[in-house]
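Breakdown of the fold
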Amino acid sequence: MVASQINLEEPRTEIAEEKDTKEVEMKRRREIEKSSSEIRSAIEELSMFIKLKPKDNLDAPRIHIPTKPFLHLCNLVLQVLDKIGPTMLVLRQDIHQNIQRLEKFCESDPSKYANVVEILKKEASEGNARKKTSCSKAFLWLTRSLDFMVALLQRLAKDPGQKMEQAVEESYNIALKPWHGWISSAAFKVALKLLPDSVTFMNILMAKDETYDNLKEEMQTLTSLLVPFLEEIHSILRLQGLDMLKSK
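Summarised in this report is the structure supplied together with it. Predicted, not measured: the structure shown is a model, and the values here were computed from it.

1. Quick look at the overall build of the protein
The secondary structure content of the protein amounts to ten helices and zero strands. Reading the protein from its N end, one meets helices and strands in the order α-α-α-α-α-α-α-α-α-α. Here the protein holds 248 residues, and the buried ones make up 42% of them. In the protein, the share of contacts with a sequence separation of at least 24, taken over all contacts with a separation of at least 6, comes to 72%. Accessible area for the protein stands at about 14500 Å²; split by element, carbon and sulfur atoms hold 55% of it.

Rendered as structure tokens:
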């Protein structure tokens, strides 16, 4: 009877430990967000993802993009776009809607869809991946938004004196314009005329007591982490036949 009672208690202990781990992680994230800039929070998020990423099996490499950390990273992009101002409203709305779509799908079975790849596989098997409101398309456009953010931060870190309008336009031309229709492209051109100057934007991005050199270093650190992360995501999108899809 004693042994039986001990065995019955073990699963509850494991569940409790898992719950405690999640609570610690949520507390850690809240503390970081209170004391850090969006850039620092994104660095922390990516560093944690790399640290906890499951190791590949040589016989069967595991492709794993954790859904919630990925969406949290996209939410940080939203906060950066907010600091650029209302000119990025259209892009911001698209990102927000795509985040919500993936969040809702993930919540239907959090354990099963903790990996974005499982969501892509399910939609592909059902023939829904290319539909306008699919999570696969949401994931594709969120990835392209991260591409845009990387391109912009790289330009500003390399040449702080570059005009904001030029930096944003060049980043847009690389990451988003090839996939946008003429309506989206026209709306973006109008938005370019209302951007803040680069110095103002950089000052807004800084955390309290942060120097410009610190911010520049953090921007370089973030992009160095994001580039390989996004390369892995693009390889997944190519495997799923999603990488060349355009908006209509």
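2. Overview of the packing of helix H6 (residues 135-158) against helix H10 (residues 212-239)
When two helices pack together, their arrangement is given by the angle between their axes and by how far apart the axes lie. Contact pair H6 / H10: the axes reach a minimum separation of 9 Å and the direction vectors enclose 150°. As H6 runs across H10, the sense of the crossing is left-handed. Touching Phe139, Leu140, Thr143, Leu146, Asp147, Val150, Leu153, Gln154, Leu156 and Ala157 of H6 are Tyr212, Lys216, Met219, Gln220, Leu222, Thr223, Leu226, Val227, Leu230, Ile233, His234 and Leu237, all from H10. Residues of the contact of H6 with H10, tallied by class, amount to 15 nonpolar, five polar and two charged.

3. Observations concerning helix H8 (residues 182-192)
Listed in full, the buried residues belonging to H8 are Ser185, Phe188, Ala191 and Leu192. One side of H8 holds all its buried residues, which, seen down the axis, span an arc of 115°. Exposed positions of H8 whose direction lies more than 90 degrees from the buried face are Trp182, Ile183 and Val190. Taken together, the buried residues of H8 touch H6 and helix H7 (164-175).

4. Quick look at the packing of aromatic side chains
Counted according to the given criterion, the structure contains six aromatic pairs. For the ring pair phenylalanine 105 and tyrosine 113, a centre distance of 4.8 Å and an interplane angle of 65° mean the geometry is edge-to-face. Each member of the aromatic cluster is reached from another via a ring pair, and the members are Phe49, Phe70, Phe139 and Phe229. Here the guanidinium or amino end of arginine 144 rests over the ring plane of tryptophan 141, the centre of that ring lying 4.7 Å away.

5. Some points on the nonpolar core
With 68 residues, the main nonpolar core has Phe70, Leu81, Met88, Phe139, Phe148, Val168 and Phe229 as its most contacted residues. The biggest single contributor to this core is H6, with 14 residues. Sequence-distant contacts of leucine 81, defined by excluding residues within four places in its chain, comprise Met88, Leu91, Arg92, Ile95, Phe148 and Met149.

6. A short note on the state of the cysteines
All chains considered together, the criterion is met by zero disulfides. There is no disulfide at cysteine 106, and the cysteine sulfur nearest it, in cysteine 135, is 9.4 Å away. Residue cysteine 106 is classed as buried on the basis of its relative accessible area of 4%.

7. Section: the pattern of salt bridges
For the structure shown, the criterion picks out seven salt bridges. The shortest N-O distance in the salt bridge between glutamate 118 and lysine 121 comes to 3.9 Å. A residue pair is termed a helical-turn pair when its members lie 3 or 4 positions apart in one helix, as glutamate 118 and lysine 121 do in helix H5 (residues 116-126) at three residues. Between glutamate 170 and arginine 155 there is a salt bridge, and its shortest N-O distance comes to 3.2 Å. With glutamate 170 in helix H7 and arginine 155 in helix H6, this pair connects stretches of sequence that are 15 residues apart. The class of glutamate 170 is partly exposed, set by a relative accessible area of 29%. Each of Arg40, Glu210 and Glu218 takes part in one network of salt bridges that share partners.

8. Points about helix H9 (residues 198-205)
Among the residues of H9, Ser198, Phe201, Met202 and Leu205 are the ones counted as buried. The buried residues of H9 occupy one face: seen down the axis, they fall within an arc of 95°. Looking at the buried positions of H9, the neighbouring elements they touch are helix H3 (67-84), H6, H7 and H10. Capping the start of H9 is the job of one residue whose side-chain oxygen sits 3.1 Å from the backbone nitrogen of valine 199: aspartate 197.

Quick notes on the rules
- Residues numbered from 1 in each chain as written.
- Predicted model: local features only at pLDDT ≥ 70, side-chain atom pairs only at ≥ 80, totals over all residues.
- Heavy atoms only, no water.
- Helix = DSSP H or I, 4+ residues; strand = E, 2+ residues; numbered from the N terminus.
- Buried < 20%, exposed > 50% of the residue type's maximum accessible area, 1.4 Å probe, protein only.
- Contact = heavy atoms within 4.5 Å.
- Areas by Shrake-Rupley, 256 points an atom, 1.4 Å probe, with all protein chains shown as cover.
- Axes fitted to C-alpha atoms, helices over the stretch in contact; angles between N-to-C directions.
- Left-handed = near helix turned anticlockwise from the far one by under 90°.
- Nonpolar A, V, L, I, M, F, W, Y, C, P; charged D, E, K, R; others polar.
- Arc of directions from axis to C-beta.
- Phe/Tyr/Trp six-rings, centres within 6.5 Å; stacked < 30°, edge-to-face > 60°.
- Lys NZ or Arg CZ within 6 Å of the ring centre and 35° of its normal.
- Core = buried A, V, L, I, M, F, W, Y, C linked by side-chain atoms within 4.5 Å.
- Disulfide = S-S within 2.5 Å.
- Salt bridge = Lys/Arg side-chain N within 4 Å of Asp/Glu carboxyl O.
- Polar contact = N/O pair within 3.5 Å; in protein donor to acceptor, adjacent residues only side chain to side chain.

All quantities given are derived from atomic positions and should not be read as evidence of function.
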